[in-house]
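Report on the structure
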Amino acid sequence: MVMRKSVRILLVGDRNVGKTSLILSLVSEEFNEDVPPKAEEITIPADVTPEQVPTHIVDFSAVEQSEDQLVDEIQRAHVVCVVYSVDDEDSLDHVTTHWLPLVRSSAQGSSLPVILVGNKVDLVDYSTIDMVMSIMEDYPEIESCVECSARTLKNISEMFYYAQKAVLHPTGPLYVLESQDLTDECKKALTRIFKICDLDNDGLLSDNELNVFQKRCFNAPLQPQVLEDVKAVLSKNISDGVHTNSITLRGFLFLHCLFIQRGRNETVWTVLRKFGYNDSLRVTKDYLIPSVRVPHGCTSELNHRGQHFLQKLFERHDKDHDGALSTSEMNSLFMPCPTPPWRSDFGRTVATNSRGWMTLQGFMSYWSLITLMDLPLTLEHLGYLGYNIIENESHANAIHVTREKSLDLAKKQSSRNVYQCHVIGQQKSGKSTFCGLHLGHTLDITAKHAKRDANAARLTVNSVQVYGQEKQLILREIEVKSVADPLLTEDTQCDVVCLVYDSNHPKSFEYVAEIYLRYFQGSKLPVLVVASKGDLTPVRQDYILQPDEFCSRHKLAPPHSFSAVPSPTGTPQQPDRDVYVKLATMAVFPRFQAAWVLFYRHRHLRQLTIMASDKELWWRAGLGVAALTAIGFLISRLFRGEHR
Ligand SMILES: Nc1nc2c(ncn2[C@@H]2O[C@H](COP(=O)(O)OP(=O)(O)OP(=O)(O)O)[C@@H](O)[C@H]2O)c(=O)[nH]1
Ligand SMILES: [Ca+2]
Ligand SMILES: [Ca+2]
């Protein structure tokens, strides 16, 4: 629930204070001496209420109703008007001795706001407001108080308006009366909002950033000059609200505090709701996770808008421009989220620099991974990071749902950007090393990672170039203890299969061959056989067919010899990256052997293509910068308050 769909106002108080008269005066706009003991429930249609919400007004009469019915009505109400008569001291005493305690206990812990209403001001020439103020201090649930008259109609519509406002824009979650300061939750929410709006991440809101904020929250054109006026107000009131002509976080919080102190809660609530907060100041799941349908056989990816947003986000948090996020840069980036979308040992999964900091490549790869595997997680974090605010469109628009895989297979090519490869092989066949080196890690780091999570399903993701196009290749290591141990259905569902055997172990290939025959022969999935430990002398495999015979018999590409270490002859110095490109190419062009063959013949051509398209890396569409006007609604409210 972001905002209530209706408001239910209940009037209680001593006999004869004028509850029924107040209701009937509001409705008929004239005072009637002769009123029934209890007014019927009245519904005011949305279009005639100031907040455009249908409003039910409910009377209480001790003559017609029991104590139980009263408690029941209090529990149904969204706000209670406790009425006393200003000419009747007892009725005011009973507010604290009876009515407020009763409302509080009936509400059973839920924060039910109260309006204190002093009726019959036409009869007296004094005010009870001083007494009422001290009551307000003891009962924080009292949102406001008003003196009015059912006879002269003074403040009648105001009273109902305050009641409505107390429900729709409550003060309680925002503001602590005693300390005259924002609540911690409210500060936290506004700090996140500030952070999202700080588009260049310099810790300040510039005129332009405030403009964007203003437009997003209030959809209102901005008036010139007010921006300067706001800064003047800040400079006058606090020491560090403005810095180099921009607004600081402290200034931003102070402004909102000011709105509340001037009864402009709705301004603050408008901002908070725009950023997804509900009445308990929590960001709602509905806001965070828009529905995106991914039909069976299709996958979810970030489209160019999503990628662009994330790349910009990375760049503005990479303060020292070293192409990687240090721990503090990463913390700052994810400040608007309760937690980052990944664990702190992300280095096992994506590319990092030599200090273990996530690189841009690693960052984009990780997002591709979670977008494919756990779309709600990506959406939730895009929501927290303010995608919809900055881009001014739902974060569902950052997602591309690919066409069905069977269509890709029929057309023998796919236009997806993210592919999954399952790496299957016996224990110790070199799978973990193979997956680890996908990240460009050195062998010792890979070995360390492999040891640490011997039992965890290991995933590594990195980008590879397929004919000049950047693709994300996810390797999932599938550990099977023995040939008899069957693969699960999900183990066989991927875009390309990599069967790894140890070329130095005579029993290793048999396992791979069995797996192929049992699960992948006749499937439409491309399969690559990889002979690991290519730096060691290959041994004859203890199997009816030798690996290359087996591959040619089953129309598979010949075994790819892979070595994790430089061979004794000195080459390759760098671990072999071609194999990953080959796997990705097979995934992009399933059932299209010619493409893989082409891959060998035209290696030099491939290099050329990559160079030519290098500039296209990560989309660089211009960020839509809103026109510079001024800060309208937000500030005009402020100044209306100022001139009071
Ligand atoms: N002078 C003056 N008299 C009022 C005002 N409001 C109500 N009265 C009178 O106060 C008396 C009680 O008003 P009701 O509206 O019946 O009061 P109530 O709170 O509904 O009383 P119960 O139904 O008995 O609980 C009536 O005689 C009204 O005419 C007011 O603003 N000024
Ligand atoms: Ca009555
Ligand atoms: Ca800034």
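Residues numbered from 1 in each chain as written. Chains lettered and ligands numbered in written order. Predicted model: local features only at pLDDT ≥ 70, side-chain atom pairs only at ≥ 80, totals over all residues. Heavy atoms only, no water.

Looking up the protein chain in an unreviewed UniProt entry gives the name Mitochondrial Rho GTPase, with the organism given as Megalurothrips usitatus. The UniProt entry for the protein chain carries the following text under Subcellular location (unreviewed entry): "Mitochondrion outer membrane". (UniProt positions renumbered as here; feature names shortened; annotations may be inferred.)

The next point concerns the coordination of the calcium ion (ligand 2). Within the protein, Thr-20 (OG1) and Pro-37 (O) serve as the donor atoms for the calcium ion (ligand 2), at 2.1 Å. You can see Thr-20 sitting in helix α1 (residues 19–28) and its partner Pro-37 sitting in the loop between α1 and β2 (42–44), a full 17 residues away along the chain. Thr-20 gets classed as buried once you look at its relative accessible area, which sits at 7%. For Pro-37, a relative accessible area of 48% corresponds to the partly exposed category. (Donors = N, O, S within 2.8 Å, 3.2 Å for Na, K, Ca; no water. Helix = DSSP H or I, 4+ residues; strand = E, 2+ residues; numbered from the N terminus. Buried < 20%, exposed > 50% of the residue type's maximum accessible area, 1.4 Å probe, protein only.)

This brings us to the pairing of strand β15 (residues 418–425). The side chains of a regular strand alternate, residue by residue, between the two faces of the sheet. Of all eight residues in β15, eight are buried, a share of seventy percent or more. A two-sided burial pattern is seen for β15, the buried positions comprising Val-418, Gln-420, His-422 and Ile-424 on one face and Tyr-419, Cys-421, Val-423 and Gly-425 on the other. In this sheet, strand β17 (residues 469–479) lies alongside β15 in parallel orientation, the contact comprising eight bridges. What sits directly across from Tyr-419, in β17, is Leu-473. Here five bridges tie β15 to strand β18 (residues 496–502), and the two strands are oriented parallel to one another. Across the sheet, residue Gly-425 finds its bridge partner in β18, namely Val-500. (Pairing = 2+ DSSP bridges.)

Our next topic: unusual backbone geometry. Here Leu-153, not a glycine, exhibits a phi torsion of approximately 70 degrees, which is positive. By the element assignment, Leu-153 lies in the loop between β6 (142–147) and α5 (156–168). Its identity is not glycine, yet Asn-201 carries a phi of approximately 55 degrees, on the positive side. Along the chain, Asn-201 turns up in the loop between α6 (184–197) and α7 (207–218). For Asn-201, a relative accessible area of 8% translates into the label buried.

Quick look at the packing of aromatic side chains now. By the definition in use, this model includes 22 aromatic pairs. Relative to Phe-509, the ring of Tyr-501 has its centre 4.9 Å away and its plane inclined at 75 degrees; by these criteria the two rings are edge-to-face. Overall, Phe-509 belongs to the buried group, its relative accessible area being 0%. Seen from their ring centres, Phe-562 and Tyr-580 are 6.3 Å apart, and the 75 degrees between their planes marks the pair as edge-to-face. In this pair, Phe-562 is assigned in the loop between β20 (560–561) and α22 (578–588) and Tyr-580 in helix α22, connecting sequence segments 18 residues apart. We classify Phe-562 as buried; its relative accessible area is 2%. (Phe/Tyr/Trp six-rings, centres within 6.5 Å; stacked < 30°, edge-to-face > 60°.)

What follows concerns the environment of Ser-85. Along the chain, Ser-85 falls in strand β4 (residues 79–85). On a C-alpha basis, the gap between Ser-85 and Leu-379 in space is 54 Å, while along the polypeptide they are 294 residues apart. Those residues in contact with Ser-85 that sit more than four places away from it in its chain are Val-17, Ser-91, Asn-119 and Lys-120. A distance of 2.4 Å separates polar atoms of two side chains, one belonging to Ser-85 and the other to Asp-87. (Contact = heavy atoms within 4.5 Å. Polar contact = N/O pair within 3.5 Å; in protein donor to acceptor, adjacent residues only side chain to side chain.)

Attention shifts here to the environment of Tyr-139. Within the secondary structure, Tyr-139 sits in the loop between α4 (129–138) and β6. For Tyr-139 and Pro-101, which are 38 residues apart along the polypeptide, the C-alpha to C-alpha distance reads 9.4 Å. Apart from the residues within four sequence positions on either side, Tyr-139 is in contact with Thr-96, Leu-100, Pro-101 and Arg-104.

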